[in-house]
Each structure stands twice: as C-alpha cells, then as structure tokens.
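What follows is each chain in one-letter form.
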Amino acid sequence: IWAALRFIQGWLALRDEERVVRWKAALIWASAAALFFAFYKSSGDPIVSLRGAIGLSPTTLLALLLLASAAIVAMSFVGRTASTRGFTKAIGAHLALMAGSIVFGIPFAWLVITSFKEDRDMASQNGTVWIPRIQLTKPYFDAKNPRYEGRYEGMLVQGPLIESLPDGRLKIDIYNPVSVRGQTLIARRDELKIVPKDAPVVAGNLAGTAVQGLVAEELEDGRRRIRVLEPERLRGVEYVAMPADVVPVRKVGLRWKNYGEALEFLPAETNSGLVYLKNTLTLVVLSVIGTIFSSSIVAYAFSRMRFPGKSAIFTVLLSTMMLPAAVTLLPTFLIFRSLGWIDTLYPLWVPAFFTSAFNVFLLRQFFMTIPMELEDAAKIDGCSYWRTFWQVMMPQIKPALAVIAIWTFMGTWNNFMGPLIYINSPEKMTIAYAVQLFQSDRGTEYGPMMAFTTLAMLPVLALFFFAQKYFIEGVTLSGFGGR
C-alpha cells in the first residue's frame, strides 16, 4: 500500500526532484514488502488469525517504557554529532510518524476489514479476526423447494414458493433484495424462472470417510441434508447430519456481498442510495460555492476598503463566534419556518452565502499579507475594485481558499443535525442521515453496517488524500518569500 501510495505521489509530482524522491521511497517500500513476503513463504506457517488483544503485564509494560526511554536518550546522544544529526532526526521523525499512523489507523483498518467479514468472524475467542474468511458455496437447484426469480415493482427479486393459486399463478415469498424482503410476488409461471441457490459447502464424515458436500436442505429438526461433492466416488450421495457433525469449508477472502446487501437494504425509492448521494452532492457544491464567494468578498472589504465603523463591525462579527450553535438554533428554525423552507434543502445551503466569522477572519489575515504594491499596480492599469479582487487578489490566496473549501466539504458531507431538524421526507435525506437510519435498523449486522459506513467515507478520504498539501500550504503561507 505504501509503495503504491508513494508511486502515485511521484507520478503526480510537479517537480522532477520530488518525483525522484517519491519513486525511491516507493522502491524501498516495495523491497521491504518483497522481503517480508519471502520470509513468510519460507517459514511455511500460514497466517490463520491475528489476535486482537496484546497481553501486557506490569513487568512487560515497565520494560517497554524503559526501552523507549533508553532509545530516546541514545538518539539524543547520537544526534549531537554533526555527521549524524540530520540522519538521526529523520529516523526519529519517521519512527514517530509510523507509530502514530499504526495507533490511529487501527480503528479505520478495523472498519474496512469488518466490512468484508462474515457474521461468524465478528466475535472470536481468539480476539479480533484481522484476516477475513468466506464460506465456500456452490450453485444448487433444489427440486423440493425451488427458488424463483421474477419482477416486483420493476425490481428483480428472488424467493421460494409459498403456494400455487387456483388460477395457476404462483405466490412467491421475496427473499432478495433485502429492501422488500417479506413481501409477496404473485405472477404466472411463464413470468418466472427457476434459479439456483447458493448452498454452503461443509466438511464431515460419512461411514469413516472424510467428505465435502453442499447443504441441500435445512430440515425442520435442525439437521442438514448433505449432498457429497468429494471424494469423486461418493459424489451425489446424500446423507443427514447434525450441525455439530459438520464444519463449514472456508477460505481467505473478502465478502463483497456486504456492500450489495447494504445498498439493497435502502428503500427502493432511493435508487440504491443514489438519491441520498444526489442530495448530499447538491448541498456540498452549493455550500462550497457560497462559503468561498461570500467569505472572500467580506474579507477583502475588511482588509482593503475604508468605510465608517469598519473596526466596530469587524469586532461585532468576530464576537458572534462566541455564540453556541444551540443558542441560535430556535430563532433560525423559526425564520426558516416563516419562509416556508421546512422540508426543503434551502436551510442547509442558503446560510453558506451569508459567510461565517471564522472564514472571514482567516481570509482577512491572508489578504493583509499581500503587498499593497500589487493592488496599486492594478489600479494604475485601470482595474476596478471587482477586477482587482478577482484577477489579482484571489489567485494569491488559493491555499487558504482550498482549506476553507475542504473544511466546508467535510462539514457539509458529515452534517447530521441539519437534515434531522429541517427535513422530513426520506427522498430529501442526505448520506449522513441515511447512515443513522441504517444503524438504527440494522446496527447489529456489523458487516453491512461497516460496508455502508465505508461507502459514506470514501469521498471524504479521497478529497483529503488529493488535497492534503493544501492543508500544509494554508498553514505555512504568510505572503511572498522574503517579505
């Protein structure tokens, strides 16, 4: 992962020097991965499960603390020499960053890995299972209880037969997709087709012979009817076994069905969550545009223009930052209700066009670091205030604008309280609210829940990955170099 990350960063680099450094780092990480893989293959010990808990006795914990202290003292002692100062500093910085990445990355790693797990791996006596496994299945046409496929309200559904009606039509109990599970489909036989079901593969013992077979039928008393697949000489033989006499055949793999089930659970009118995505993207785009436009204009006025009461007005503006959001919640709600905006998206993006005190303060400070000579030169060339603002000043504060845009994007994308207060219709909900609904209805199904949460996080993670350099530039920028 780190090798691929460094390679992508080198490919996107603007300078040749940076590209060479990134690609060297990618080569080092790839070499480390190759060495670890070679060691893993030579050991001959397969990885079954990684324990989720690390037992630390007081003695072990004290030894680790003493070791860390000794390492710090040694690094400080070595770092005093001029020949090793920079090298030691780089090693220490990278070790600290790697340790921090591991500690703070464990919850995210657990989230992603859990989104690919089966239910049986959610809790284990060996601790957290970090390497997911999946149950092997085989397609099986069940002659006794066939599974039918047809269309229900425009959706392709599957389910077993409930009964045959006197007029020749069939009544189907819908099993898939999950969003309409429990509903019934009534259709003619020529409108339906028989499809195989995914039968789990298990291992057991038949007359002293180890066999593998698929579960052809779940009997009412809890027993299972097994149809043998291996060995070849017993293929097709069926026998009945107790659940404790067979074990599931599993392999290392990812359960991608969690993502499909997560989207299938959503109401049919949301079009597999695309309606939530459309509403969220609408709010994000309008909020980012409104925040950047209004904040930059107000900040430019406070930093460059002269008008009566400018300092007093700016002080009042900054004082609004001390007001808790709960204080203005009810008055704001009453205003939007009087405008007839309840159960619409307007209350969630219109306020962005009226700026915020913090964004104005941040951009004002950036505008004040830009030399006045640039603006004077624009005036000599005949530029108006608007043209000077748009073509001269705005390009100088791109890092600050990028930071504000990223903050606004993340805040709008993760906004939950706004839709909860102002929106009532399900078709106008956002992704953050959909995650909460999913948790309240299927919070105990950790696999689909983590899959849905991962899908909701992907745009924010992608934005942060590609725009992380703007965070650094926005913090360190202080005008032109040397001024």
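For the structure, see preceding data.
Below is a short write-up of the structure.

Parameters at a glance
- Residues numbered from 1 in each chain as written.
- Predicted model: local features only at pLDDT ≥ 70, side-chain atom pairs only at ≥ 80, totals over all residues.
- Heavy atoms only, no water.
- Helix = DSSP H or I, 4+ residues; strand = E, 2+ residues; numbered from the N terminus.
- Buried < 20%, exposed > 50% of the residue type's maximum accessible area, 1.4 Å probe, protein only.
- Contact = heavy atoms within 4.5 Å.
- Areas by Shrake-Rupley, 256 points an atom, 1.4 Å probe, with all protein chains shown as cover.
- Phe/Tyr/Trp six-rings, centres within 6.5 Å; stacked < 30°, edge-to-face > 60°.

As a further point, take the overall build of the protein. Counting its secondary structure elements, the protein contains 16 helices and 13 strands. Within the protein, buried positions represent 33% of all 483 residues. Of all intrachain contacts in the protein linking residues separated by at least 6 positions in sequence, the fraction that spans at least 24 positions is 59%. Roughly 30000 Å² of accessible area belongs to the protein as shown, and the carbon and sulfur atoms make up 65% of that amount.

So, about the environment of Thr 128. Along the polypeptide, Thr 128 turns up in the loop between α4 (85–114) and β1 (133–135). Of the residues examined, Thr 128 reaches a relative accessible area of 24% and is grouped as partly exposed. The spatial distance from the C-alpha of Thr 128 to the C-alpha of Trp 110 is 8.8 Å, given a sequence separation of 18 residues.

This part takes up unusual backbone geometry. Glu 230 connects to Pro 231 through a cis peptide bond whose omega is 5 degrees. Tracing the chain through its elements places Pro 231 in the loop between β10 (224–230) and β11 (238–241). Positive phi, close to 55 degrees, is recorded for Thr 355, a residue that is not glycine. Along the chain, Thr 355 turns up in the loop between α9 (346–349) and α10 (357–369).

Now for the packing of aromatic side chains. Tallied over the entire structure, the rule returns 21 aromatic pairs. With a centroid separation of 5.1 Å and 55 degrees between ring planes, the pair formed by Phe 302 and Phe 314 is classed as tilted. Of this pair, Phe 302 sits in helix α6 (residues 274–304) while Phe 314 is found in helix α7 (residues 310–319), placing the two residues 12 residues apart along the sequence. Pair check on accessibility: Phe 302 and Phe 314 agree, each one buried. Ring geometry for Trp 386 against Trp 390: centres 5.9 Å apart, planes inclined by 10 degrees, an arrangement best described as stacked. Of the two residues, Trp 386 and Trp 390 both sit in helix α12 (residues 385–393), four residues apart, roughly one turn of that helix. With relative accessibility at 48%, the residue Trp 386 sits in the partly exposed group. Here the aromatic residues Phe 333, Phe 336, Trp 341, Tyr 346, Trp 349, Phe 353 and Tyr 422 are joined through ring pairs into a cluster of three or more.

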